[in-house]
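Residues per chain, in single letters:
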Amino acid sequence: LGDDPSRAALDLVEALLRHRRARGDANRAWTFEDAVACAGELGDADLLRDRVEYVEEPLVRRDPSAPPARHVGDLEALFKTTGMRYALDETLGELVFSERGGRSPGDTATALEALDALLAGTEGCAAIILKPALLGYERSVRMARAAHVRGIGAVFTSSFDAGVGLGHAAFLAAAADGAVGTSRHAHGLGTFERLEGDVLRPAFRARVDERGRLDYRVLGKQFRGLGLRDVEEALREAAARDEELAAPQQEGGEEEMALREIEARVSVPLPFSSTIAFDRFSNLEEQPRWSPWLKSVTYVVDEQDNEETEWTLQVRGFRVKWRAVKTIDDRPRRLAWESISGVKNKGCIEFVATSKQSCVAMLKIDFVAPKGILALFPGIGMFQKFVQNKLLRWSLEKFRLEVMNSLLENSEFVHDVRDEEAEEVIIDPSDEDLGM
């Protein structure tokens, strides 16, 4: 309709609404007066209420510096004046990326609290528009659940993604709809029609029939690593986390802490000597380079001139700290440490030589899982797998890559890795000779 709809355009819209349901997107083009006037120009007021699902962001945001709640208040006033239901799109991005909502996935919990407060008491909000490419996969799923709890629809859409992005948005939409047993609104994934090609083979458009329906389960067979089942599991985990985070948290005594004790072990072959491995790994301040969950590791000296290290870890938005001291420093074989404050933990890494130019890194960590982080997972078993397979194994593999790249740059890495990998070496990861 534009900023100044003609009578012919309004007549066309009115005729369309008599035969079909529709939705609109004003992209914040209208003032309040413009929106009221446009609604009034429709000859039958019931059409707007009964045949228009919603209009995305119909109003200009009068004061960009004001909190999003003020803008939603204007949208509510428009609904009460005209009956025009609305959907929130740009408002979600402002909510998430403002200082209140956060600029990183680490602030998802804060953004969810802000969204729930924003939707509380609304009457005209029909749906929220979720762009996973912008908001993030997990955050989008959890925002959809927050909207569904209040009886508000969640519409997944794209940012002109190719088939891979569209496919994942479809999986999120299917999982979110399945959690509530219904699809309140059709999702907005038709942007594939604007693309000349696609990186997905067969292309995403090949899975959409002439009526705009998508067989997402057939599509899911084309994906590996993050398919439909992974998205459905993420939705279940999000629901469990929300319920556990809503429960009152207490510290508990020694018996309760014992229930949160976790042991994790991993071993990774390294195509360089144990001496090189030990020297690089023992430079603890470099640890965040290959372990992105570590925000920082710094050396500190106490009042008795004893050297300690201060560690800061962040997992899914929850940040914890501790101080530790070395308990074993046996170059080039073994390095061990134990916390003296903060998160209770101890660990040991051993570099077992398999040749002059290779070794196996064997890492063992025991710790008491912080309640705040543990609440982000469906159970302690799932958290233990996350620690072992994601935090530790992934970090050691990235450590291997970091050291290899550094050696190549400095012409120190000269032997043939392929020959080394051809020689099978068996190390028993259950070996108790780890100083623990």
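Before any of the text, the structure's been laid out above.
As the structure is a prediction and not an experimental result, all values here were calculated from the model.

Looking at where Thr 312 falls in the secondary structure, it is placed in strand 8 (residues 307-315). A residue is classified by how much of its surface remains accessible, and Thr 312, at 5% relative accessible area, is buried. If near-sequence neighbours (up to four positions away) are discounted, Thr 312 is found in contact with Trp 293, Leu 294, Lys 295, Ser 296, Arg 319, Val 320 and Lys 321.

As a further point, take the sheet that holds strand 2 (residues 52-56). The sheet built from 5 strands is open, its strands ordered 1-2-3-4-5 with parallel pairing. Edge positions in the open sheet fall to strand 1 (22-25) and strand 5 (153-156), since each of these has one partner strand only. Sheet twist, expressed as the average angle between the axes of neighbouring strands with direction ignored, equals 30°. The sheet contact formed by strand 2 and strand 3 (residues 86-88) spans 2 bridges and is parallel. Considered in strand 3, the bridge of Glu 56 is made with Ala 87.

Now for the pairing of strand 11 (residues 345-355). Where strand 10 (residues 334-342) meets strand 11, 5 bridges bridge the pair, whose relative direction is antiparallel. Of the residues in strand 11, the one forming a bridge with Leu 335 is Ile 349. With antiparallel pairing between neighbouring strands as the criterion, strand 10 and strand 11 make up a hairpin whose turn holds 2 residues. Pairing between strand 11 and strand 12 (residues 358-368): 10 bridges, direction antiparallel. Across the sheet, residue Val 352 finds its bridge partner in strand 12, namely Val 360.

In the contact formed by helix 6 (residues 108-119) and helix 8 (residues 137-149), the axes pass within 10 Å of each other and the chain directions differ by 25°. With respect to helix 8, the axis of helix 6 lies roughly parallel. As for the relative orientation of helix 6 and helix 8, their crossing is right-handed in sense. Of the residues in helix 8, those touching helix 6 at Thr 108, Ala 111, Leu 112, Leu 115 and Leu 119 are Arg 139, Arg 142, Met 143, Ala 146 and Ala 147.

Per the stated rule, a full pass over the model turns up 19 salt bridges. We note a salt bridge from Asp 63 to Arg 70, for which the minimum N-O separation is 3.7 Å. With a shortest N-O distance of 2.9 Å, Glu 286 and Arg 289 are connected by a salt bridge. Overlapping salt bridges, with partners in common, bring together Arg 28, Glu 57, Arg 61 and Glu 94 in one network.

Criteria and cut-off values
- In this numbering scheme, every chain counts its residues from 1 along its sequence in written order.
- Per-residue local features are limited, in this predicted model, to residues with pLDDT of at least 70; the limit for side-chain atom pairs, both in listing and counting, is 80 or more; totals at the level of whole chains, interfaces and linings are taken over all residues.
- The side-chain figures draw on all heavy atoms in the structure; neither hydrogens nor water molecules are used.
- We count a stretch as a helix when DSSP gives it H or I for four or more residues in a row; a strand needs E for two or more, and each element gets its number in order from the N terminus.
- Exposure is judged per residue with a 1.4 Å probe applied to protein chains only, and the accessible area is read against the type maximum: over 50% gives exposed, under 20% gives buried, and values in between give partly exposed.
- By definition, residues are in contact when any of their heavy atoms lie within 4.5 Å.
- Here, any two strands with at least 2 DSSP bridges between them count as paired.
- In this analysis an axis means a line fitted to C-alpha atoms, helices contributing only their contacting stretch, and an angle means the value between N-to-C directions, from 0 to 180 degrees.
- Orientation is classified from the angle alone, with under 35 degrees giving roughly parallel, over 145 giving roughly antiparallel, 65 to 115 giving roughly perpendicular, and any other angle giving oblique.
- Should the near helix be turned anticlockwise from the far one by less than a right angle, the crossing is left-handed, and should it be turned clockwise, the crossing is right-handed.
- A pairing counts as a salt bridge when a side-chain nitrogen of Lys or Arg comes within 4 Å of a carboxyl oxygen of Asp or Glu.

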